[in-house]
Structure formats: structure tokens, C-alpha cells
Amino acid sequence: MGSSKRYGWVVLAVLLQAGSASAQIVNVQALFDEKAEPGPAAAIELGGDWRTGSTELFSVRGSLVGQLRSERNLWLGVIRGEYSFASGERIVSQVLEHVRYRRRFTDRVSGEVFLQHEYNEFRRLQLRALLGAGPRFVLFNEDATGLTFGVALMVEHERLRKDGEADAGDRYTDPRMSSYLLGRVKLMENIQLVETVYFQPRVTRPSDLRVLNETLFAVTPNPRVTVGIGFNITYDSAPPATVPALDTQLRTTVGVKL
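Rules and cut-offs
- Residues numbered from 1 in each chain as written.
- Predicted model: local features only at pLDDT ≥ 70, side-chain atom pairs only at ≥ 80, totals over all residues.
- Heavy atoms only, no water.
- Helix = DSSP H or I, 4+ residues; strand = E, 2+ residues; numbered from the N terminus.
- Buried < 20%, exposed > 50% of the residue type's maximum accessible area, 1.4 Å probe, protein only.
- Contact = heavy atoms within 4.5 Å.
- Areas by Shrake-Rupley, 256 points an atom, 1.4 Å probe, with all protein chains shown as cover.
- Core = buried A, V, L, I, M, F, W, Y, C linked by side-chain atoms within 4.5 Å.
- Pairing = 2+ DSSP bridges.
- Phe/Tyr/Trp six-rings, centres within 6.5 Å; stacked < 30°, edge-to-face > 60°.
- Salt bridge = Lys/Arg side-chain N within 4 Å of Asp/Glu carboxyl O.
- Polar contact = N/O pair within 3.5 Å; in protein donor to acceptor, adjacent residues only side chain to side chain.
- pLDDT = per-residue confidence, 0-100.

1. Description of the overall build of the protein chain
So, point 1. Within the protein chain, the regular secondary structure consists of 0 helices and 13 strands.
So, point 2. Counting helices and strands in the order they occur from the N terminus, the protein chain gives β-β-β-β-β-β-β-β-β-β-β-β-β.
So, point 3. Out of the 258 residues belonging to the protein chain, those deemed buried represent 39%.
So, point 4. Counted over contacts in the protein chain with a minimum sequence separation of 6, partners at least 24 positions apart contribute 55%.
So, point 5. Carbon together with sulfur atoms contributes 62% to the accessible area of the protein chain, which is approximately 13700 Å² in total.

2. Overview of the nonpolar core
Buried together is how nonpolar side chains tend to be arranged in soluble globular proteins.
So, point 1. In terms of nonpolar packing, the biggest core is built from 9 residues, these being Val26, Val28, Phe32, Ala43, Val65, Leu74, Leu76, Val78 and Leu96.
So, point 2. Looking at which element gives the most residues to this core, the answer is strand 4 (residues 73–86), with 3 residues.
So, point 3. Residues contacting Phe32, with those up to four places away along its chain left out, are Gln67, Leu74, Leu76, Arg100 and Arg102.

3. What to know about the pairing of strand 3 (residues 57–69)
So, point 1. Burial along strand 3 is one-sided: Leu57, Ser59, Arg61, Ser63, Val65, Gln67 and Arg69 are buried, and none of Phe58, Val60, Gly62, Leu64, Gly66 and Leu68, which face the opposite way, are.
So, point 2. Direction of pairing for strand 2 (residues 39–51) relative to strand 3: antiparallel, over a ladder of 13 bridges. The residue of strand 3 that forms the bridge with Ala41 is Gln67.
So, point 3. Judged from the 13 bridges that link them, strand 3 and strand 4 form a sheet pairing that is antiparallel.

4. Looking at the packing of aromatic side chains
So, point 1. Evaluation of the coordinates by the stated rule reveals 2 aromatic pairs.
So, point 2. A ring pair is formed by Trp75 and Tyr101, whose centres lie 4.8 Å apart and whose planes are at 40°; its orientation type is tilted. Placement of the pair is Trp75 in strand 4 and Tyr101 in strand 5 (residues 89–104), with a sequence separation of 26 residues.
So, point 3. Considering the side-chain rings of Tyr180 and Tyr198, the 5.4 Å spacing of their centres and the 35° angle between planes classify their relative orientation as tilted. In this pair, Tyr180 sits in strand 9 (residues 171–188) while Tyr198 sits in strand 10 (residues 191–202), placing the two residues 18 residues apart along the sequence.
So, point 4. The class of Tyr180 is buried, set by a relative accessible area of 5%.
So, point 5. With relative accessibility at 4%, the residue Tyr198 sits in the buried group.

5. Describing unusual backbone geometry
So, point 1. Here Arg124, not a glycine, exhibits a phi torsion of approximately 65°, which is positive.
So, point 2. Note that Arg124 resides in the loop between strand 6 (109–120) and strand 7 (125–141).
So, point 3. In the Ramachandran plot, Thr242 falls in the positive-phi region, its phi being about 75° despite a non-glycine side chain.
So, point 4. Topologically, Thr242 is positioned in the loop between strand 12 (225–236) and strand 13 (246–257).

6. With respect to the pattern of salt bridges
So, point 1. Taken as a whole, this structure holds 20 salt bridges when the rule is applied.
So, point 2. The partner of Glu112 in a salt bridge is Arg102, and the shortest N-O contact between them spans 3.0 Å. On the criterion of sequence distance, the pair formed by Glu112 in strand 6 and Arg102 in strand 5 is long-range, its members being 10 residues apart. Arg102 carries the same exposure label as Glu112, and that label is buried.
So, point 3. Note that Asp208 and Arg205 form a salt bridge whose closest N and O atoms lie 3.9 Å from each other.
So, point 4. According to the relative accessible area criterion, Asp208 is buried, its value standing at 5%.

7. Structural notes on the side chain of Gln94
So, point 1. Position of Gln94 among the secondary structure elements: in strand 5.
So, point 2. A polar contact is formed between the side chain of Gln94 and the side chain of Asn120, at a distance of 2.9 Å.

8. Looking at the confidence of the model for the protein chain
So, point 1. Averaged over all residues, the pLDDT of the protein chain equals 84, while 88% of them reach at least 70.
So, point 2. Counting contacts from residues 1–11, a segment whose pLDDT is below 50, to residues more than four positions away or on other chains yields 39 contacts.
So, point 3. In the predicted structure, residues 13–23 sits below a pLDDT of 50 and forms 36 contacts with residues beyond four places in sequence or in another chain.

Structure below.
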């Protein structure tokens, strides 16, 4: 891809989805195009599900990812939303925006600063805001394999929606450590496995812990088409009242490069 070219991905079909989409940790590391040449790039992802008959379901989701890369600097911006209705009732409603800046100091060491806003009705989050910074280390990076480690100190502010629950309207402002390990393995010429694990303990009480494990298989049958199969497990040791501590999500998408 030339430095002046832009690219887009449109998800034509969402083949399988199970579990919950209410994960609180968002794996933005998987959204970086590490092979992009200097210059701007953008990607659009759209997906939906419409069922009638014994199961009445309508779901729509989308995301916009923008990236600006120079020799040492990299900016990433993400906007993501999802809405779903089943039997006339809204079952998913969430919006997220994330901005991240990365500065490369050496081939293996860089620094990151990020800002995030989130609204998630079904985690009862009226507002979640993050501000954080920390180093990122490329442990090794070969053609067939790679491993990256990052850690950041972030300040998190949450405000729960005002409803009938005991913790309705509660506000929390806490420091958390956010560390991640991202590994990739090239299984075949057109098949890649990407594994990402996040740990986010609260600094003032480490037993208050959030964990994300994301496994992604990316299959590229030709340069214009990509099929992704991903499975996420998320855990929150202290979720809001009525929100489950453990979430799982399985999703398959088909993408076409424009």
C-alpha cells in the first residue's frame, strides 16, 4: 500500500455471534496496521443481523478506524457503536471513542498515550473515561512470529446510570495499571493467529481486577478478502449490580478491501 493510498474494510456478513458484547476492556492493539507505510489510512467496518420468525432480532454495528503514521509517530482513532433489538426490546446499546498516540524511540521501545470515552447501557455505564500513558516493548518480531508487551498507568472515571439498583448513580475515580501481551503466529501463508491478554488491576486494591483474553484467526484467501474468527473472554471481579462478572463473545466476519 503506497503512502498516499487510503483503504477501507466493509464487513459484508456477520456469520456467528454468541455471548455478550459488554466487555469493558477494548483491544485497540489489534486495530493497528503495523505494515502500513507512512501517511494516512482509514477503515470502516459494518455488520448486522436480522432475524424473523421464532426469533425476532435486529442488530447493527459499525466502527471507523483512522491511522496516521510517520517515521517515529503514530496516531490511532477509533469510533465504535452497536445497537440490537430482540422482540421489540433494546438488548445492546453501546458507543466507544478511543484516541492513542505512539512515539517510537528505538525499533523495540516506544511510548503510548491514550484517551477513551465509553457509554454502555447494559453494563449500566452512563460514562466511562480513561486517560493513560506508558511504555511498549517489542520482545521479538520475525516474519512468522511476534511478541509485544505494554504497560500503562491510567486514571479511570465511571458513572453508573440512575435506575432502580442499589448502586444507581454511583461515581468512581480510580488509578489502574493496564498491561497487555500481544502475540502473533503465522500458521500458513494466508492464516494468522493473534492472541492478546490484558490485565487491569486497581492500584489501590489489586483484587479489583479486569481481564481480557482475545483469540483471533485471520484468513486471507486473496489480497482483497479477509475472514476473521474471534473469541473473547472478559472478567470483572467487581462489576456493577446485576452485571455478570464473566462475558464471552464469538464472532465471525467477512471483510472486503476497497
